[in-house]
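Analysis of the macromolecular model
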Amino acid sequence: MTEARTTTLTVRGMSCVACEQRIARMLAPLPGVAAVAAHFESNTVELTFDGEAATLVACTEALATAHYPVADSTGAVSLRRLFSAIALVLAALAGSVLLQRSGIFTAFPLITQQMSLPVLFLVGLSTSIHCVAMCGGI
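Let us look at the structure shown here.

Each value, and the rule that gives it
Residues numbered from 1 in each chain as written. Predicted model: local features only at pLDDT ≥ 70, side-chain atom pairs only at ≥ 80, totals over all residues. Heavy atoms only, no water. Helix = DSSP H or I, 4+ residues; strand = E, 2+ residues; numbered from the N terminus. Buried < 20%, exposed > 50% of the residue type's maximum accessible area, 1.4 Å probe, protein only. Contact = heavy atoms within 4.5 Å. Areas by Shrake-Rupley, 256 points an atom, 1.4 Å probe, with all protein chains shown as cover. Core = buried A, V, L, I, M, F, W, Y, C linked by side-chain atoms within 4.5 Å. Pairing = 2+ DSSP bridges. Axes fitted to C-alpha atoms, helices over the stretch in contact; angles between N-to-C directions. Expected span 1.5 Å × (residues − 1).

**Remarks on the overall build of the protein chain**
Across its full length, the protein chain carries four helices and three strands. Burial analysis of the protein chain (138 residues in total) assigns 17% to the buried set. A separation of at least 24 residues holds for 56% of the contacts in the protein chain among residues at least 6 apart in sequence. A total of about 10,300 Å² of accessible surface is found on the protein chain, and carbon and sulfur atoms cover 66% of it.

**Regarding the nonpolar core**
M14, I23, L27, V45 and Y68 are the most contacted members of the largest nonpolar core, which totals 16 residues. Mapped onto this core, the elements with two or more residues apiece are α1 (17-27), β2 (33-39), β3 (44-49) and α2 (56-65). Here L27 is in contact with V33, V36, V45, L47, C59, A62 and L63, once residues within four sequence places are set aside.

**Concerning the sheet that holds β2**
In spatial order, the strands read β1-β3-β2; together these three strands make up an open sheet with antiparallel pairing. In the strand order of this sheet, the two ends are held by β1 (5-10) and β2, each with one partner. For this sheet the average axis-to-axis angle between neighbouring strands, irrespective of direction, equals 15°. Along the sheet, α1 makes contact with β2 and β3, crossing β2 at roughly 165°.

**Here we look at helix α3 (residues 79-102)**
In an α-helix, one full turn covers 3.6 residues, which means residues spaced three or four apart are oriented alike. Taking 1.5 Å of rise per residue, 24 residues should cover 34 Å, and α3 covers 34 Å from first to last C-alpha, within 8% of that figure. In the stretch just after α3, G103 is the one whose phi turns positive, near 85°.

Printed below as a string of structure tokens:
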């Protein structure tokens, strides 16, 4: 009889307890898998093999099929993701500069203490739309 071995995989895409249960139900029936423990908080899956037919490759393929890809063991960030993040930051900076130079930020009046209560009330109503849109779901 061969000795059981345990491996921990870092998995992307787990977001809740239901994901943990889905992964456990999916991997437990694979031949050679003795135990499965998924943890969405740390995005890890602990697999215990009993040394039979199950391979790590079969488990990672099953996870990828269920849209839970196994992360690179080195933890390296792919160049594509890095370039995408840099492009997004540069686009945001360019947009901010363009909006600032267009004068759109100076088109709105400043709120001062000299404003009347009805004007402040209207400003509050108009800005509440932002609060409802951003925080309403919370």
